[in-house]
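Take a look at the letters that make up each chain.
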Amino acid sequence: MTSTSTNGTYAIEANNMHVFYGSFRAVKDISLKFPAHQITALIGPSGCGKSTVIRSFNRMNDLVATARVEGEVLYQGSNIYSHNVDPVEVRRRIGMVFQKPNPFPKTIYENVAWGARINGYKGDMDGLVEGALRQAALWDEVKDKLQQSGFSLSGGQQQRLCIARTIAVKPEIILMDEPTSALDPIATLRIEELIQELKKNYTIIIVTHNMQQAARASDYTAFFNMDTDRAGYLVEYDQTNDLFTNPKNEMTEQYITGRFG
Amino acid sequence: MSRITPSFPEGADLEQQITNRHRRGTLGRLLFQAATIVGILALIALLYNILNQTFGLTAVQNEVDPDALVLALDEEKLLAASNTITSEDDNELVAGIEDDPYAIGFFGYAYYLQNQDKLKVLEVENVTPSPESAENGDYLLARPLYLYTTADILQNNQAVSIFVNYYLSHLNEVVTEVGYFPVSQEALYAVQDVWAVNSGLGLQAGQWTTIDPNGLGGMVRVAGSSTVFPITEAVATGIGAAGFAADIRLENSGTTAGFRAFCQRNRQTDIVNASRPINSAEFEACRDAGLRPLALVVAIDTLAVVVSQENSFLDNVTQEELRQIYTTAERWSDVDPNRPAELIHRYIPGADSGTLDFFTETIFQADLADLPKDDLVEILQANISVGLGRRIERDQRFYEDQFVFEDPALFAEVCAGAEPPAGCELEARSEANVYQLVLAEVVKPDVVKTWSLVDSLFKRQEIAQLVAEDYPNAELEFRSWLTAQFVASPQSSTPELAGVRTAIMGSLWIILITIVFSFPIGVGAAIYLQEYATDNWINRLIETNISNLAGVPSIVYGMLGLAIFVRVLEPITSGAAFGLVESTASANGRTIVSAGLTLGLLILPLLIINAQEAIKAVPNSLRQAGMALGATKWQTIWHHVLPNALPGIMTGTILAISRAIGETAPIVVVGASTFITVDPNGPFAKFTTLPIQIYQWTSRPQDEFRNIAAAAIVVLLILLLTLNASAVLLRNRTTRRLS
């Protein structure tokens, strides 16, 4: 059982956040606080806006031309959507791992080093790469083939490479958008173990379709659902243990017991 | 178990339905196959057409017969030797030799026979002149004699036909009587067949008929060789005695004069007496006058080399001895120490006589290629202008220690000048070099007719026959018009000398400018449109217009280039703005830069569209990965999007460049030079390109230009394939590095 205690500080919080794609409201009125150095899982049925929410936390939605965020997302006390905040810095601090492993078509070494280099890292690059790969539990597997293409790795290894790549720029928060959905159970297990390790240094927010994963790997869980106007909204947010054992909302109960979703 | 819905076919219906579906698939496949085959056939037809023109037989004819050059040189040596007496009158020769034991001479065997009591005939190479030794070729100084006329004359002038008939009927008696050796019986039959077939009397070969000339009239004109004259004269006397009432006019003017009188529109004679075969110039003249000469061999002329009967030391001479006797030797002892040390008195029949030609040709038998350098230089001196000679000599000297064309003082001055020509430094020309010069400047081999590759391969016999008839002095040789020399030579108005170097350089320069101009702009525009531009109506309008621009006819770009680059931007495109030319008067905007920029505009839409597609094909996950690491948009584009789009961009660029290389119309409008022999030396030079060169050559009237146009097409294709292949290699290398 994972620890459920918090030290009372929050890494990031959303206040009355709405996300629109053009005129369509994809997510409405989300208010959520993510405790630092904890793993928070976002669960919910397909189309309820989990990915939209998580992508709003490091302004990845900016890449979608029509996307628009209302409300505020507070990180270190300031709204990341305010005009004087550069999304580049936001993403540097809040990293992201995607659903499908997407290593760069470069060497394993370059995959890890690139982010650090463009962010102006001046220190020992070899050490940084090794450290990141060790943290991502990939070092032993790739240390002899750092100059090989990232694509030469298996799917699970690629995903850990992506995690190493994210770690290498020393973010504070790592967003994970269904990081294991494209992986087999063994690889999934390794990622889950890795996430537990990473918790010591990073705040982790993870979107998952897999309720078992949420239940066994997260400290907090937020359950989203879709409204009649197809907009996603937050149904219930609690410590994972409580949410799964004692859901306060009927919909949550139905969902976690597999009656819909 | 419920029954399957009856609306799906079952059993036989199902089988039928599946068969039908397969059938439709097969039909589609066959259509695609047919389309592919049509494409391949078109390609084969194209290649066939090009290769058919690029290789093939050619009839090469020399402007000047190299043998005539050698002959003239040798005759000059002969005539220049000391103690040489020439006379047109053979009797004078006989009289001179008769009493002089140290004299030697040569003339027709007939004259020897007339004077055999006064003279002694020598064996040549141990062969005594006789009908047998003359006919079988053992005796060196024997040659056939000819009558020339045409089938038209035989058919339209009955008197000539009858005269020739009588001539050939009584040939061997007359010839023997005159003192020549008769031709063999088979040779006589062959000549009689020529008359029979061409007489217009419907006779076949082998159907010889002797016509009785009695009472028939008309006019027969005969001119030409003094050697053949006695035979013709005897025939004329004989036919007159047989009752032939025609007016026979005999002229004794020499073979060359005879052909000159014959081969013209206003023909002066019906029959030519000839002591040698007709040469190419005469044949051409005859053909231009609408005449097709028929050659009839009537006798074997044999030269007798004679000395006085008082000469006791000479019975036999060799060819080598004859050569010495008539040129370098002063005294008899120079030829052979056993002979008296007396001066040689050389007697030669007239300088213009066919006999001298024949004698010289026979005893020297030299080939132009075998001549020593001194002789070759002499031939050059005799046949080219001093001005040309000086130019050649300035390029490279003939001798280290003397000058042939150039005034030595002047030459030294030129070499000491500010910019001494290359000839001052180079070694003297080699024998091979001078030989090439003689070929290029004097002999001037000329391709008179060409045949396609297919004809050359399958109609060789017919072609050989045609050449033998129409161009008896031409050599038939297989020629590849595509040679290293063709690629390395500049343009020329002589197709045999023309090359594509200037055009290749022009094309490459223009392509360079085109790439330098359009690649960055095209890729930049594509990046902007694909990565930065928001999806609004302006940008949509721009994109639509770019697509439309790709379909605008290239000539329109030519007009645009003319208006903008050639006219408006002339100071820049002519290089004047950079001080590269002295004045705008000499340089206009019709330069490589203008053409390159025009082609750049032309392919820009293609480049943009292709680059956009390539950028679009880069997976979004890559952009997200980059951005999620805190990279700026530009960093993501530069480090990830562009490298991954590069193979696609390169493919598009290759296609666009291929199009640019082959473009003709806009380049013509922008002002490519159609005839330029100077290689472009930079972006502000005048130029021509391969397609222009090809276009220009195909519009020339001479056949040979079509051959070199085909060869230039091959060069263009090779250039295209090379550029494409290297671009593909480059692309594959970048792709390998990335994945």
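Residues numbered from 1 in each chain as written. Chains lettered and ligands numbered in written order. Predicted model: local features only at pLDDT ≥ 70, side-chain atom pairs only at ≥ 80, totals over all residues. Heavy atoms only, no water.

### Things to note about the packing of aromatic side chains
Let me state the cut-off plainly: Aromatic rings from Phe, Tyr and Trp, with only the six-membered ring used for Trp, were paired whenever their centres fell within 6.5 Å, and each pair was classed as stacked if the ring planes differed by under 30 degrees, edge-to-face if by over 60, and tilted otherwise. Numbering goes from the N terminus for both helices and strands, where a helix is a DSSP run of H or I of at least four residues and a strand is a run of E of at least two. Exposed residues in this analysis have more than 50% of their type's maximum accessible area, buried residues have under 20%, and partly exposed residues fall in between, with area computed by a 1.4 Å probe over protein chains only. Lysine and arginine charges are scored as sitting over a ring when NZ or CZ, respectively, is within 6 Å of the ring centre and within 35 degrees of the ring normal.
In this structure the tally under the stated criterion is 19 aromatic pairs over all chains. When the centroid spacing of 6.1 Å and the interplanar angle of 20° are considered together, the rings of Y102 of chain B and F313 of chain B count as stacked. Of this pair, Y102 of chain B sits in the loop between α3 (90-98) and β3 (103-108) while F313 of chain B is found in the loop between β10 (293-308) and β11 (316-317), placing the two residues 211 residues apart along the sequence. What makes F313 of chain B partly exposed here is its relative accessible area of 21%. Here the aromatic residues F34, F57, Y220 and Y237 of chain A are joined through ring pairs into a cluster of three or more. Stacked on the ring of Y532 of chain B, the Lys or Arg K633 of chain B has its end atom at 5.3 Å from the ring centre. One Lys or Arg, R700 of chain B, reaches over the ring of F705 of chain B and ends 4.1 Å from the middle of that ring.

### Comments concerning the confidence of the model for chain B
Residues and elements named next belong to chain B. Here is the rule: On a range of 0 to 100, pLDDT expresses the predictor's confidence in each residue. Pairs of residues are marked as contacts when any of their non-hydrogen atoms sit within 4.5 Å.
With 95% of its residues at a pLDDT of 70 or more, chain B shows a mean pLDDT of 85. For chain B, helix α18 (residues 408-416) is the element with the lowest average pLDDT, namely 70, and helix α1 (residues 11-54) is the one with the highest, namely 93. Scored below 50 in pLDDT, residues 582-587 shows five contacts in the model against residues more than four places distant or in partner chains. Among the scores for the predicted complex, ipTM is 0.89 and pTM is 0.68.

### Digging into the interface of chain A and chain B
For clarity, the cut-off: Reported buried area values correspond to the accessible surface (1.4 Å probe) lost by two parts on association, with both partners' losses combined. Basic side-chain nitrogens of Lys or Arg form a salt bridge, by our definition, when they fall within 4 Å of a carboxyl oxygen of Asp or Glu. In the analysis that follows, any N or O atom pair within 3.5 Å is treated as a polar contact, provided that within protein one partner can donate a hydrogen and the other can accept it, and provided that, for residues neighboring in sequence, both atoms belong to side chains. Note on residue categories: nonpolar means Ala, Val, Leu, Ile, Met, Phe, Trp, Tyr, Cys or Pro, charged means Asp, Glu, Lys or Arg, and polar means any other residue, Gly included.
Every contact between the two is made by 23 residues of chain A and, on the other side, 17 residues of chain B. Interface area for chain A against chain B, summed over the two sides, is near 1,700 Å², with a carbon-plus-sulfur share of 66%. Among the residues of chain A in contact with chain B, P105, W114 and I118 of chain A are the three that bury the most area, contributing 31% of the side total. Summed over the shared surface of chain A and chain B, the result is zero salt bridges. Our count for the chain A to chain B interface comes out at four residue pairs in polar contact (both at pLDDT 80 or more). Of all the elements in the fold, those that place two or more residues in the side of chain A that touches chain B are α2 (87-93), β6 (94-97), α3 (108-118) and α6 (155-168) of chain A. Here the side of chain A that touches chain B is composed, by residue class, of twelve nonpolar, six polar and five charged.

### Thoughts on the nonpolar core
Residue and element names in this part refer to chain B. Applicable threshold: Side-chain atoms within 4.5 Å are what join buried Ala, Val, Leu, Ile, Met, Phe, Trp, Tyr and Cys residues into a set we call a nonpolar core.
In this structure, I104 and I231 are the most contacted members of the largest nonpolar core, which totals 94 residues. Counting residues per element, this core draws most heavily on β10, which supplies ten residues. Counting 45 residues, the second-largest nonpolar core is a separate cluster that includes A503, I510, A656 and I661.

### Re helix α9 (residues 185-198) of chain B
All names here are of chain B. The line we're drawing: Here the expected length of a helix is defined as 1.5 Å per residue gap, with one fewer gap than residues.
Along its 14 residues, α9 runs 20 Å from first to last C-alpha, staying within 8% of the 20 Å computed at 1.5 Å per residue. Taken together, the buried positions of α9 are occupied by L188, V191, Q192, W195, A196 and N198. Contact partners of the buried residues in α9: α6 (151-156), α7 (158-169), α8 (171-178) and β10.

### Notes on the sheet that holds strand β14 (residues 475-480) of chain B
Residues and elements named next belong to chain B. The condition that has to hold: Whether two strands pair depends on DSSP finding at least two bridges between them. Orientation is described by lines fitted to C-alpha atoms, with helices fitted over the stretch in contact, and by angles between N-to-C directions that extend from 0 to 180 degrees.
The antiparallel open sheet is built from three strands, whose spatial order is β13-β1-β14. Of all the strands in the sheet, the pair left with one neighbour each is β13 (445-450) and β14. Across the sheet, the mean angle from the axis of one strand to that of its neighbour is 45°, orientation sign disregarded. Relative to β13, strand β1 (residues 55-62) runs antiparallel, the two being bridged by five bridges. Looking across to β13, one finds that A59 is bridged to K449.

### Details of a nonpolar patch on the surface
All names here are of chain B. Rules: Patches were defined on residues exceeding 30% relative accessible area and lacking a salt bridge, with like-charge contacts within 9 Å and nonpolar side-chain contacts (Val, Leu, Ile, Met, Phe, Trp, Tyr) within 5 Å. Computed with a 1.4 Å probe, the accessible areas rest on the Shrake-Rupley method; for each residue, only the protein chains presented here act as cover.
On the surface, a cluster of nonpolar side chains totalling about 410 Å² of accessible area is made up of L43, L46, L47, L51 and L717. Looking at the nonpolar patch element by element, the count peaks at four residues for α1. Positionally, L717 belongs in helix α32 (residues 703-738). In this structure L717 comes out as partly exposed when scored by relative accessible area, which is 30%.

### Regarding the state of the cysteines
All names here are of chain B. Definition in use: Whenever a pair of cysteine sulfur atoms sits within 2.5 Å, that pair is classed as a disulfide.
This model, assessed by the stated rule, comprises one disulfide over all chains. One disulfide in the model links C263 with C286; its S-S distance is 2.0 Å. What sets the handedness of the C263 and C286 disulfide is the S-S torsion sign, and at about -65° it is left-handed. With C263 in the loop between α11 (255-262) and β9 (271-274) and C286 in helix α12 (residues 280-288), this residue pair connects regions lying 23 residues apart in the sequence.

### Looking at the pairing of strand β10 (residues 232-239) of chain A
Residues and elements named next belong to chain A. In this structure, strand β9 (residues 220-226) lies alongside β10, joined through seven bridges in antiparallel fashion. Bridging across to β10, F224 finds its partner in L234. Between β9 and β10, which follow one another and run antiparallel, lie five residues, and R230 among them has a positive phi close to 65°.

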